[in-house]
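Each chain, letter by letter, is given below.
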Amino acid sequence: MPCNRTRWTRVVLVALTAAALARGQQSVIPPADEDRFVGHWRANAGKSRPPLDKKEASYERTIQRDGDELIFSSSGGASKAAIRQFRMLCDGRFHPLPTGPILSCRYVSATRVEGETQDPTRTRRFWAREVSSDGQQMMVLTYKDKARAKLREVLVLDRVK
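What counts as what
Once a new chain begins, its residue numbering starts again from 1 and follows that chain's sequence as written. Side-chain atom pairs in this predicted model are given and counted only at pLDDT of 80 or more, local residue features only at pLDDT of at least 70, and totals for whole chains, interfaces and linings cover all residues. Hydrogens and waters are ignored; side-chain quantities use all the structure's heavy atoms. The salt bridge criterion pairs a side-chain nitrogen of Lys or Arg with a carboxyl oxygen of Asp or Glu, the two atoms within 4 Å. A run of H or I in DSSP becomes a helix once it reaches four residues, and a run of E becomes a strand once it reaches two; helices and strands are each numbered from the N terminus. Joining through side-chain atoms within 4.5 Å is the link that ties buried Ala, Val, Leu, Ile, Met, Phe, Trp, Tyr and Cys residues into a set, and such a set is a nonpolar core. For each residue, the accessible area found with a 1.4 Å probe, counting protein chains only, is set against the maximum for its type, and the residue is called buried under 20%, exposed over 50%, and partly exposed in between. Pairs of residues are marked as contacts when any of their non-hydrogen atoms sit within 4.5 Å.

### Thoughts on the pattern of salt bridges
Argument step 1. Inspection of the entire model under this criterion finds 11 salt bridges.
Argument step 2. Across the pair Glu60 and Arg42 runs a salt bridge whose closest N-O atoms are separated by 3.0 Å. One end of the pair, Glu60, is in strand E2 (residues 60-66); the other, Arg42, is in strand E1 (residues 39-43), and 18 residues separate them in sequence.
Argument step 3. For the salt bridge of Glu114 with Arg148, the shortest nitrogen-to-oxygen distance reads 4.0 Å. With a gap of 34 residues between them, Glu114 in strand E7 (residues 112-118) and Arg148 in the loop between strand E9 (137-143) and strand E10 (151-159) connect regions that are remote in the sequence.
Argument step 4. Residues joined by salt bridges that share partners form a network here, namely Arg112, Glu114, Glu130 and Arg148.

Take a look at the structure:
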């Protein structure tokens, strides 16, 4: 009998450990009213690297939440689309966007989201966005690699409201 109890205890411990590890990989989505990314943001040409030209400096984005769903809209900048808007979950899974690419993102912490975008040609872009401790600036960091070790560029956005 002790052998079966020991085996059962090991099975339970392995299952609990696996569940804890799986939870650690999932996105920790903050409540909508506490999401520090929610707001209206405008590009800061001088603080971005490389510095933004006049057209790129016109970029603005608004982030809202509807429950766990992210509502993202943007205008200006280098994109040819006048206004871009989509809704999605930031849950670590890939979701198709209306414009063709698929996007995955997950909250790593209350102030950092990591993501990947794949366009229709399967080009992959790795990025993260971070909100400053005072909540007045957001950095969108674009990386050359999946490990997010080789920084390509930094877009700095100032909170408008």
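### Details of the nonpolar core
Argument step 1. Ranked by internal contacts, the top residues of the largest apolar core, which has 22 residues, are Phe37, Met88, Cys105, Val113, Met138, Leu155 and Leu157.
Argument step 2. Those elements that provide at least two residues to this core are E1, strand E3 (69-75), strand E4 (83-89), strand E6 (102-109), strand E8 (124-131), E9 and E10.
Argument step 3. Broken down by element, this core gets its largest block of residues, 3 residues, from E6.
Argument step 4. In contact with Met138, not counting residues within four places along its chain, are Phe37, Trp41, Arg61, Ile63, Arg129, Glu130, Val131, Leu155, Val156 and Leu157.

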